[in-house]
Amino acid sequence: MVDVLIVGGGPAGLTAAVYAARAGLSTTVLGEMEGGQVASTSVVENYPGFSSVYGPDLAEKLTEHAKSAGAVLKQENAAEFSLDGDVKTVRTERGEYRAKTVILAQGSHRRKLNIPGEAEFTGRGVSWCAACDGNFFRGKTTAVVGGGNTAAGDVIELAPLCKKVYLLVRRELKAEYRLAQKVKSLPNVEIRLGVSPVRIEGGQKVERIVAARKGGGEEAVPVDGVFVAVGVDPNTDRLPPSLPLSGGFLSAPESGETPIPGVFVAGDLRKKNLYQIVTAVADGANAAYSAQKYLQRG
């Protein structure tokens, strides 16, 4: 049994691991992907101390920091939670972990379009990770669906590789100013505003994405690949019903404390105003501190 069991290996979970381990607490982190979504992000330009850093590099630095602090990292996903009582139990596909406290930091996953053709062409032209799959579309035409920072980042990742990149935005481009200006400056990028994808078509692979225009009618955009970046959904589906949700997110104060004693939440799982790496690491530090105080009261 460990003092602190952290579910999630993203910035929040890894930061919590650094703070918990440095406080002398035995700490284990469960997470299939070390670094979380940051590891599949192309470039990060708004994390303090780095004017620009590749997502995989930042994920590696966070991971190594947690390990050097003394945390044990396990590449396993939590499948079942038993969080009541003094001893908490989290089960994975490989085994069972017991802890005095648990920090829930399993983050979120990219939202799907849920349109015809999306599931059919996943892996055959449809992707949610430009940093992972962009190289497969070198010299080809792609479309990015979305209008936020992630969509803009995907466009910036794809533009040097692809012959042409379409950015399909349902309403308006909401990416932060610097990212938006960069996207607009790229010569092989075409931004289409006021369009909503309705289906993805093709034969053996993606050949086009069909979108409804705001003013009426449809247009087919010929592409070889579609990258979906329309927001995220929190990974709360396996949590016990005793934990309060708001819009799918876990409701908790800045301390990360939940109604279950000894259970804390951090990162994109927690309901808040701003979902960024910097707020995730702040959550992780607060949750680890709260866990430490809980154990001291013990």
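Residues numbered from 1 in each chain as written. Predicted model: local features only at pLDDT ≥ 70, side-chain atom pairs only at ≥ 80, totals over all residues. Heavy atoms only, no water.

**Q** I'd like to hear about the side chain of Asp-154, residue by residue, with values.
**A** One can find Asp-154 in helix H4 (residues 149-158). The contacts of Asp-154, once residues within four sequence positions are left out, are Arg-110, Ala-130, Val-144 and Ala-229. (Helix = DSSP H or I, 4+ residues; strand = E, 2+ residues; numbered from the N terminus. Contact = heavy atoms within 4.5 Å.)

**Q** Lay out the pairing of strand E2 (residues 27-30) in plain terms, naming residues and giving numbers.
**A** Because side chains alternate across E2, one face comprises the buried residues Thr-27 and Val-29, and the other comprises Thr-28 and Leu-30, equally buried. What joins strand E1 (residues 2-7) to E2 is helix H1 (residues 11-22), and the crossover it makes is right-handed. Bridge count for E2 against strand E5 (residues 72-74) is three bridges, and the pairing is parallel. If you follow Val-29 over to E5, its bridge partner there is Leu-73. (Buried < 20%, exposed > 50% of the residue type's maximum accessible area, 1.4 Å probe, protein only. Right-handed = clockwise from strand over helix to strand, strands pointing away. Pairing = 2+ DSSP bridges.)

**Q** Give a description of H1 that names residues and reports values.
**A** When the terminal C-alpha atoms of H1 are compared, their 16 Å separation across twelve residues agrees well with the 16 Å that a helix rising 1.5 Å per residue should span. Judged by how many residues are buried, H1 sits mostly within the fold: ten of twelve residues are covered. All buried positions along H1 are accounted for by Pro-11, Ala-12, Gly-13, Leu-14, Thr-15, Ala-16, Ala-17, Val-18, Ala-20 and Ala-21. Buried residues along H1 sit in contact with E1, E2, helix H2 (55-69), E5, strand E8 (96-104) and helix H6 (277-297). A positive backbone phi angle near 85° is found at Gly-24, which sits one or two residues after H1. (Expected span 1.5 Å × (residues − 1).)

**Q** Lay out the packing of aromatic side chains with the relevant residues and their values.
**A** Following the criterion strictly, the structure yields four aromatic pairs and no others. Judged by centre distance (5.4 Å) and plane angle (75°), the ring pair of Phe-137 and Phe-227 falls under edge-to-face. Taken together, the positions of Phe-137 in the loop between helix H3 (130-133) and strand E11 (141-145) and Phe-227 in strand E17 (residues 225-228) put the pair 90 residues apart, joining distant regions of the chain. For Phe-137, a relative accessible area of 9% corresponds to the buried category. For the ring pair Phe-264 and Tyr-294, a centre distance of 6.2 Å and an interplane angle of 75° mean the geometry is edge-to-face. Of this pair, Phe-264 sits in strand E21 (residues 263-265) while Tyr-294 sits in helix H6, and the two are 30 residues apart along the sequence. Judged on exposure class, the residue Phe-264 and its partner Tyr-294 are both buried. The residue whose ring lies beneath Lys-164 is Tyr-166, and the NZ or CZ to ring-centre distance is 5.1 Å. (Phe/Tyr/Trp six-rings, centres within 6.5 Å; stacked < 30°, edge-to-face > 60°. Lys NZ or Arg CZ within 6 Å of the ring centre and 35° of its normal.)

In short, geometric facts, not functional conclusions.
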